[in-house]
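Letter by letter, the chains look like this.
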Amino acid sequence: QVQLVESGGGLVQAGDSLRLSCTASGRTFGSYAMGWFRQAPGKEREFVAAISGSGGTTYYADSVKGRFTISRDNAKNTVSLQMNSLKPEDTAAYYCAGATTLAITLKNGGVNVWGKGTLVTVSS
């Protein structure tokens, strides 16, 4: 099973961009659907974006569609989340997630492995 480590969080202003990365250990990364979830203070963890093992299929939450882009590089065992036009409501801990099934299963909460999270704070 892969292990996931996130990086790239920080404090930015509304309208800025930020890129999160998640690096996976293990030799089976390409067989995992990958995704990002987030959890704001006092709220439940919610789905943000998911990508299939091949990278050919992506899903996004309505709240980030058109602003966030998920991508992966299987040669480097990484998945990234490019976040543009950030809003204060995007403030949350962002978690990388992996699933040995389909990306749509991950989207619906079927996660096999979680990263420890990275904090994104967007000031107004």
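Residues numbered from 1 in each chain as written. Predicted model: local features only at pLDDT ≥ 70, side-chain atom pairs only at ≥ 80, totals over all residues. Heavy atoms only, no water.

### Focus: the side chain of Thr78
Alright, step 1. Within the secondary structure, Thr78 sits in strand 8 (residues 78-83).
Alright, step 2. For Thr78, a relative accessible area of 18% translates into the label buried. (Helix = DSSP H or I, 4+ residues; strand = E, 2+ residues; numbered from the N terminus. Buried < 20%, exposed > 50% of the residue type's maximum accessible area, 1.4 Å probe, protein only.)

### Looking at the pairing of strand 3 (residues 18-24)
Alright, step 1. On strand 3, burial follows the alternation: Leu18, Leu20, Cys22 and Ala24 on one face are buried, whereas Arg19, Ser21 and Thr23 on the facing-out side are not.
Alright, step 2. Relative to strand 3, strand 1 (residues 4-7) runs antiparallel, the two sharing 4 bridges. Counted as the bridge partner of Val5 is Thr23 from strand 3. (Pairing = 2+ DSSP bridges.)

### As for the sheet that holds strand 7 (residues 68-73)
Alright, step 1. The antiparallel open sheet is built from 4 strands, whose spatial order is 1-3-8-7. Two strands close off the open sheet at either side, each with one partner strand: strand 1 and strand 7. Here the average twist between neighbouring strands, direction ignored, is 15°.
Alright, step 2. Bridging between strand 3 and strand 8 involves 6 bridges; their strand directions are antiparallel. Its bridge partner lying in strand 8, Cys22 is registered against Val79. (Axes fitted to C-alpha atoms, helices over the stretch in contact; angles between N-to-C directions.)

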